[in-house]
Structures are given as C-alpha cells and as structure tokens.
Amino acid sequence: MDKYLIVGLGNVGDEYQMTRHNTGFMVLDAFAKASNIVFQDKRYGFVAETSLKGRKLILLKPSTYMNLSGNAVRYWLNQENIDQSRLLVISDDVALPLGAFRLKANGSNGGHNGLGHIQQLIGQQYARLRMGIGNEYARGQQIDWVLGRYDEEELKTLQPAIDKAVEIIKSFVLAGIDITMNQFNKQGKKPAANPSLKAVE
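Residues numbered from 1 in each chain as written. Predicted model: local features only at pLDDT ≥ 70, side-chain atom pairs only at ≥ 80, totals over all residues. Heavy atoms only, no water.

S.K.: Where do I start with the overall build of the protein in this structure?
M.R.: Of the regular secondary structure elements, the protein holds six helices and seven strands. Each helix and strand of the protein, placed in order from N terminus to C terminus, yields the pattern β-α-β-β-β-α-β-β-α-β-α-α-α. Relative to the 2.2 N^0.38 estimate, which gives 17 Å for 201 residues, the radius of gyration of the protein is 16 Å and therefore close to what a compact globule would have. If you line up the protein on its principal axes, its C-alpha atoms span 50 × 30 × 30 Å. Among the 201 residues that make up the protein, the fraction classed as buried is 49%. The contacts of the protein with a sequence gap of at least 6 include a subset with a gap of at least 24, amounting to 71%. One finds the centroid of the 24 positive side-chain charges in the protein at a distance of 7 Å from the centroid of its 20 negative side-chain charges. (Helix = DSSP H or I, 4+ residues; strand = E, 2+ residues; numbered from the N terminus. Rg over C-alpha atoms; globule rule 2.2 N^0.38 Å. Buried < 20%, exposed > 50% of the residue type's maximum accessible area, 1.4 Å probe, protein only. Contact = heavy atoms within 4.5 Å. Lys, Arg positive; Asp, Glu negative; His and termini not counted. Charge placed at Lys NZ, Arg CZ, Asp CG, Glu CD.)

Here it is as structure tokens:
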C-alpha cells in the first residue's frame, strides 16, 4: 500500500490554539474531523491514520514546537519508510493574504522557521501548501502577529481556504502534485470575498 505523510505545522499547548502560526494544525484537524479519525500522542507528534482509495495517509502534528519540526518529519518518514515525494507539509505564510493559499512542489523556506528546520534535515525537495495569514502588523511585530489568535471575522475568511486545503490533501494523494497544483493554485490566489471584513486602519 502506498503511504503518504501529511504534516501540519504549529505549536502544541493551549496557549497556541487558534493562533495564526497553528494554521497547519487547523487544516489537519479539519481533515481528521471530516475523515472521522482522532489523533494519538506518539513519538515527536500527534498522529492519525486513514486510508483513501487504497492509499494510507499518516497525518502528523509535530509536538517538537515549530523550530524543530524537521525532527518529527524526518522520524516519521523513516519510521514508516515513506518516500519524500509523498510528503506534504502545510504551513502558515505571512506573504499571502488571509484566506489565500499556494501549493508548491519544492522551494525555499520563505523565512518560515518550521520549513527552515525541515529543509536543514531533508532538503528542499518536498511539497508544501502555504496558507495565507496576512501581514497587517507594524514593523518588528511579526512574532506577535503570527502568535496572535484569529478573531471571529478572520476565521470566517480563513474557513473556505481550510476547506480547500482538505480537498488539496486528497488530490495530492490521489492525483499527484502537478495535477493538484494546476487545479487548485488559481483558486488560491485571492481569498473569498467577505464583505463584513473592515479595512485595517
């Protein structure tokens, strides 16, 4: 059976729940809920398993904290003997507007600490789905922004992107990275319009 490792990046602990930096966790939680599976506390992370048309999916939320995410990714790739071409990592991205997303087959870490650590340990050749969290923060305030919690309006804007991300995971597993990028990236360029969102002063 072909195996896939789907990793959502974030930080464990109640104080980090629903923060922008935990958007990767939120995507995996949505996927697990839709698949009716639960996460178990295992080595280096919280893990859930399911299958999709004869393929095995291992969902991983690293418990190493963001800056050491590579430890969990490398361990589970090796533990389950999964080829790196079947790895998808989901992270937050300040370079994309809230509700936008972008799927890439490989590339640099874009200054993201979690992706940076993964890159140190396994290189750049792995697929990643970047979820836009916006960048409406003053200079020097990036850490406060990414560790800040989403408010209700922001969650409404984010939700369609999370729903799409669940579809993207399935497509990545069933159709591969190239077809999935072609199908979804044009949908992720700009977030769904939410007229109730006020412009930030």
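S.K.: What's the story with the packing of helix H2 (residues 69-79) against helix H3 (residues 113-122) in this structure? I'm lost.
M.R.: Between two packed helices, both the angle of their axes relative to each other and the distance between the axes serve to describe the pair. Across the interface, H2 lies against H3 with an axial gap of 7 Å and an inter-helix angle of 45 degrees. Taken together, the axes of H2 and H3 are oblique relative to one another. For the pair H2 and H3, the sense of crossing is right-handed. On the side of H2, the interface is formed by Ser69, Gly70, Asn71, Val73, Arg74 and Leu77, while H3 contributes Gly114, His117, Ile118, Leu121 and Ile122. When its residues are assigned to classes, the contact of H2 with H3 shows five nonpolar, five polar and one charged. (Axes fitted to C-alpha atoms, helices over the stretch in contact; angles between N-to-C directions. Parallel < 35°, antiparallel > 145°, perpendicular 65-115°, else oblique. Left-handed = near helix turned anticlockwise from the far one by under 90°. Nonpolar A, V, L, I, M, F, W, Y, C, P; charged D, E, K, R; others polar.)

S.K.: It is not clear to me how the layout of surface pockets should be interpreted in this structure. Could you clarify?
M.R.: Of the voids in this model, the largest pocket is the one considered here, and its volume is about 420 Å³. Along the walls of the largest pocket sit 25 residues, with His21, Gly111, His112, Asn113 and Gln142 positioned nearest its centre. The set of elements that each furnish at least two residues to the lining of the largest pocket consists of strand S5 (87-93), H3, strand S7 (127-132) and helix H4 (142-146). Within the lining of the largest pocket, the residues separate by chemical class into nine nonpolar, eleven polar and five charged. (1 Å grid on protein atoms, 1.4 Å probe; cavity = no way out; pocket = protein on both sides within 12 Å on 5 of 7 lines; lining within 4 Å. Points joined across faces, edges and corners; volume = space filled by probe spheres on them.)

Honestly, that's just the spatial picture; any functional story needs more than this.
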